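Descriptive structure summary
Here's the letter readout for the chains.
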Protein chains: 2
Amino acid sequence: MHDLLMIDGLQYSNWSQEIFQQMQAGGLSAVHATIAYHENARETLSRLGEWNRRFETWPELIRPVRTASDIRLAHEEGRVGIFFGFQNCSPIEDDIALVEVFRQLGVFVMQLTYNNQSLLASGCYEREDNGISRFGRQVIAEMNRVGMLIDMSHSAERSTLEAIELSSRPVIISHANPASFHAAKRNKSDAVLRGIAESGGLLGFSTYPFHLKGASDCSLESFCDMVARTADLMGVQHIGIGTDLCQAQPLSVLEWMRNGRWSKDKDYGEGSRDNANWPAPLQWFRDSRDFRNIAQGLRARGFAEHDVGNIMGLNWLRLLETATTAQA
Amino acid sequence: MHDLLMIDGLQYSNWSQEIFQQMQAGGLSAVHATIAYHENARETLSRLGEWNRRFETWPELIRPVRTASDIRLAHEEGRVGIFFGFQNCSPIEDDIALVEVFRQLGVFVMQLTYNNQSLLASGCYEREDNGISRFGRQVIAEMNRVGMLIDMSHSAERSTLEAIELSSRPVIISHANPASFHAAKRNKSDAVLRGIAESGGLLGFSTYPFHLKGASDCSLESFCDMVARTADLMGVQHIGIGTDLCQAQPLSVLEWMRNGRWSKDKDYGEGSRDNANWPAPLQWFRDSRDFRNIAQGLRARGFAEHDVGNIMGLNWLRLLETATTAQA
């Protein structure tokens, strides 16, 4: 029996039976799996096809999440529900109709940008941030209509605030941390975090070392202290977990994330020439099996059991249940 | 109130409000709409996106058919259910995973070839017919698994017989007529028709003049006589209607069907250089409003009301309800 219904708000691992077994052992009822970083529409279809194959191959471990309530079924079954998201808008190319088509294929979440300027908005690594583009305004309204969550994890500040303003439904940061905890281009200002909360959205705390104070040496206590301070800022109903776990991925995948097809020079993203590889994992969070460590850390930090449950999964679940329905 | 639940087993019109109104006025509860002739995967996504837009624009006239039982709902609502099909395997390109992906997007039917040799089989205009290819065998098994109907309307004889042999589920000819009625490359031998019936499949009778004895002058009596003879051959539970209506389409669309991107020379398909355009329509079947004329003709030919209902829609409905479910 799983005590908590736990959800990881972002992973992009080199998916395998072993990794799904770890998710199950860790007690996860759902994981938001990244489908695309720079993939175009056609490539994205093959990525979705690969997931169909995984569902066919390991039905005892994983199940597709077609509607958010499937996560409750997964919890009862002791399987891990998988829901899909894009970390970039590349899959829709220049065609607004593809928002609904990909929603029909089970895509619950799309980031408007991945670090760079996109057709919709600006990314957190750009020099300038023009906010939301003409196409971006159309896509936000369409995502609202069909029930696809707007994720601004890799977007720039102005773009993020404008997206929150334009969207009639919650906007999320699936995986990042407060900049007040650790100053990083990917972490978020208090203004953004307050806006996310006001929209009814959610911040998923990241365990990716580049997003943490002390990087790979960040302690569980320090992490849970950040959670507590953010709960004070945003409200405990607006926070969850989005680990950004990227297990067993070769350096070539990190290079694809960072460079896609857009750069002839090598971009090192959050790393550097001398620190180009994946960071070392946290001692207290090696993989999905350690999810209960976070829950335990939150209890130790003084969170009531009720709020531990909300942070570890129920906030995500309630958000998905309301924000991924088609608009009446 | 609609007396009969009527289904048209194939149309490819220049879709508009007027055409949907005609379907509704004609009492149709469902229409199989062609999505692709030569479109690749990416282009097909945009075609499906255009249908989403139509469903959004005219909800009082049409509704999507996501499961076959939606056709019964459409009948009760007095709306026209639309289900999707491909006339070619071009949308799946060389990727077997796209069979399931497109099934998830509501595609119920796929032809293995469109006149020409494809990656799967041979078309009815090819000089030679190698039967089902290596990829074709894989795709047939996958279509069986996910519940996508195999349609051999534009395929060659040996390919069709082999597909019937290989498939564990019904195989259909959505739109054609018996070659014994009118000798045409697109019409089917008795051997094929018997095979289709034995597979549990169905022949949809075409009203496209090139498939009819006397072409545009073919009488309703002659058409209904053909239906009666085919009922004797195949069994009345294995026949339906597949009009092949292509309303309001410019010549450029006919040229796209015939030439796609494969021919530098102009191919005239079932026409000829001197007869290159769309044929004149039948007097007794101008468009979907005349569907009841066919039912009336069948009654006049002596069909019992029960069988008129089966031929006009219930045979299609029962087939779709059994053959488009995922295999256990």
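Note that the structure is predicted; figures quoted are calculated from it, not measured.

Let us now look at unusual backbone geometry. Positive phi, normally seen in glycine, also occurs at Asn115 of chain A, with a value near 70 degrees. By the element assignment, Asn115 of chain A lies in the loop between β5 (107–111) and α5 (134–146).

Another point: helix α11 (residues 305–323) of chain A. Two residues of an α-helix separated by three or four positions point the same way, owing to the 3.6 residues in each turn. Residues and elements named next belong to chain A. Here α11 is 19 residues long and its end C-alpha atoms lie 25 Å apart, about the 27 Å a rise of 1.5 Å per residue gives. In the structure, α11 departs most strongly from a straight axis at Ile311, where the bend amounts to approximately 60 degrees. When we look at burial in α11, the residues that qualify are Val308, Gly309, Asn310, Ile311, Met312, Gly313, Asn315, Trp316, Leu317, Leu319, Leu320 and Ala323.

So, on to the relation of the copies chain A and chain B. Least-squares fitting of chain A to chain B yields an RMSD of 0.0 Å, with the superposition described by an axial translation of 0.0 Å and a rotation of 180 degrees. Taken together, the rotation and translation describe the operation of a two-fold axis. Within chain A, the C-alpha atom positioned nearest to the axis of rotation is that of Arg42 of chain A, 2.8 Å from it. The share of interface residues of chain A whose copies in chain B are also at the interface is 100%, consistent with both copies meeting through the same surface.

All names here are of chain B. Most of strand β4 (residues 80–86) sits out of view: seven of its seven residues are buried. Of the two faces of β4, the one carrying Val80, Ile82, Phe84 and Phe86 and the one carrying Gly81, Phe83 and Gly85 are both buried. Note: strand β2 (residues 28–36) against β4, six bridges, orientation parallel. Residue pairing in the sheet places Ala30 in a bridge with Gly81 of β4. Where strand β3 (residues 62–64) lies against β4, three bridges are found, and the strand directions are parallel. What sits directly across from Pro64, in β4, is Ile82. Each parallel crossover has a hand, and for β3 linked through helix α3 (residues 70–77) to β4 it is right-handed. Of the pairings in the sheet, the one linking β4 to strand β5 (residues 107–111) comprises three bridges and is parallel in character.

All right, on to the interface of chain A and chain B then. Facing the 20 residues of chain A at the interface are 20 residues of chain B. For the pairing of chain A and chain B, the buried interface totals around 1,600 Å² over both sides, and the portion due to carbon and sulfur atoms is 53%. As a salt-bridge pair, Arg145 of chain A and Glu56 of chain B come within 3.2 Å of each other at their nearest N and O atoms. Along the contact surface separating chain A from chain B lie eight residue pairs in polar contact (both at pLDDT 80 or more).

Right, let's talk about the packing of aromatic side chains for a bit. Applying the stated rule across the entire model yields 32 aromatic pairs over all chains. Seen from their ring centres, Phe223 of chain B and Trp284 of chain B are 5.2 Å apart, and the 55 degrees between their planes marks the pair as tilted. Here Phe223 of chain B is found in helix α8 (residues 220–234), whereas its partner Trp284 of chain B is found in the loop between α9 (251–259) and α10 (291–300), with 61 residues between them in sequence. The burial state of Phe223 of chain B is the same as that of Trp284 of chain B; both residues are buried. Members of the aromatic cluster, each reached through a chain of ring pairs, are Trp15, Phe20, Trp51, Phe55, Trp58 and Phe84 of chain A. The ring of Trp51 of chain A carries Arg54 of chain A above its face, with NZ or CZ at 4.6 Å from the centroid.

Mapped onto the elements, Ser222 of chain B comes out in helix α8. Contact partners of Ser222 of chain B, with chain neighbours within four places excluded, come to Phe181 and Lys213 of chain B.

All names here are of chain B. Relative to the elements of secondary structure, Ser206 occurs in the loop between β8 (203–205) and α8. Of the polar contacts made by the side chain of Ser206, one reaches the backbone nitrogen of Tyr208; its length is 3.0 Å. When near neighbours in sequence (up to four residues on either side) are disregarded, Ser206 contacts His175, Ala176, Asn177, His211, Leu212, Phe223, Gly242, Thr243 and Asp244.

What follows concerns the confidence of the model for chain A. Keep in mind that low pLDDT regions are not for reading the predicted coordinates in detail. Across chain A, pLDDT averages 97, with 99% of residues at or above 70. Across the predicted assembly, pTM comes out at 0.94 and ipTM at 0.90.

All names here are of chain B. Viewed as axis vectors pointing N to C, α8 and α10 meet at an angle of 65 degrees, and their least axial separation amounts to 9 Å. With respect to their mutual orientation, α8 and α10 come out roughly perpendicular. The handedness of the crossing between α8 and α10 is right-handed. Residue-level contacts link Leu220, Phe223, Cys224 and Val227 of α8 to Asn293, Ile294, Gly297 and Leu298 of α10. Of the residues contributing to the contact of α8 with α10, the split by class is six nonpolar, two polar and no charged.

With 161 residues, the main nonpolar core has Phe102 of chain A together with Phe102 of chain B as its most contacted residues. Leaving out residues up to four positions away in the same chain, Phe102 of chain B has contacts with Leu45 of chain A together with Ala41, Thr44, Leu45, Leu48, Phe86, Pro91, Ile92, Val107 and Met148 of chain B.

Enumeration according to the criterion identifies 36 salt bridges over all chains in this entry. As a salt-bridge pair, Glu77 of chain A and Arg63 of chain A come within 2.7 Å of each other at their nearest N and O atoms. Remark: Arg63 of chain A occurs in strand β3 (residues 62–64) and Glu77 of chain A occurs in helix α3 (residues 70–77); sequence separation between them is 14 residues. On the basis of relative accessible area, Glu77 of chain A is assigned to the partly exposed category, the value being 38%. A network of salt bridges, in which partner residues are shared, links Glu56 of chain A together with Glu100, Glu142 and Arg145 of chain B.

This part is about the pairing of strand β1 (residues 6–11) of chain A. Residues and elements named next belong to chain A. Most of β1 is tucked away, with six of its six residues classed as buried. Bridge count between β1 and strand β2 (residues 28–36): four bridges; the pairing is parallel. Residue pairing for β2: Gln11 is matched across the bridge by Ala33. For the segment spanning β1, helix α1 (residues 17–25) and β2, crossover handedness is right-handed.

Procedures and definitions
- Residues numbered from 1 in each chain as written.
- Chains lettered and ligands numbered in written order.
- Predicted model: local features only at pLDDT ≥ 70, side-chain atom pairs only at ≥ 80, totals over all residues.
- Heavy atoms only, no water.
- Helix = DSSP H or I, 4+ residues; strand = E, 2+ residues; numbered from the N terminus.
- Expected span 1.5 Å × (residues − 1).
- Bend = angle between axes of the 7 residues up to and from the residue.
- Buried < 20%, exposed > 50% of the residue type's maximum accessible area, 1.4 Å probe, protein only.
- Least-squares fit on C-alpha atoms with pLDDT ≥ 70 in both.
- Contact = heavy atoms within 4.5 Å.
- Pairing = 2+ DSSP bridges.
- Right-handed = clockwise from strand over helix to strand, strands pointing away.
- Buried area = accessible area lost by both parts, 1.4 Å probe.
- Salt bridge = Lys/Arg side-chain N within 4 Å of Asp/Glu carboxyl O.
- Polar contact = N/O pair within 3.5 Å; in protein donor to acceptor, adjacent residues only side chain to side chain.
- Phe/Tyr/Trp six-rings, centres within 6.5 Å; stacked < 30°, edge-to-face > 60°.
- Lys NZ or Arg CZ within 6 Å of the ring centre and 35° of its normal.
- pLDDT = per-residue confidence, 0-100.
- Axes fitted to C-alpha atoms, helices over the stretch in contact; angles between N-to-C directions.
- Parallel < 35°, antiparallel > 145°, perpendicular 65-115°, else oblique.
- Left-handed = near helix turned anticlockwise from the far one by under 90°.
- Nonpolar A, V, L, I, M, F, W, Y, C, P; charged D, E, K, R; others polar.
- Core = buried A, V, L, I, M, F, W, Y, C linked by side-chain atoms within 4.5 Å.

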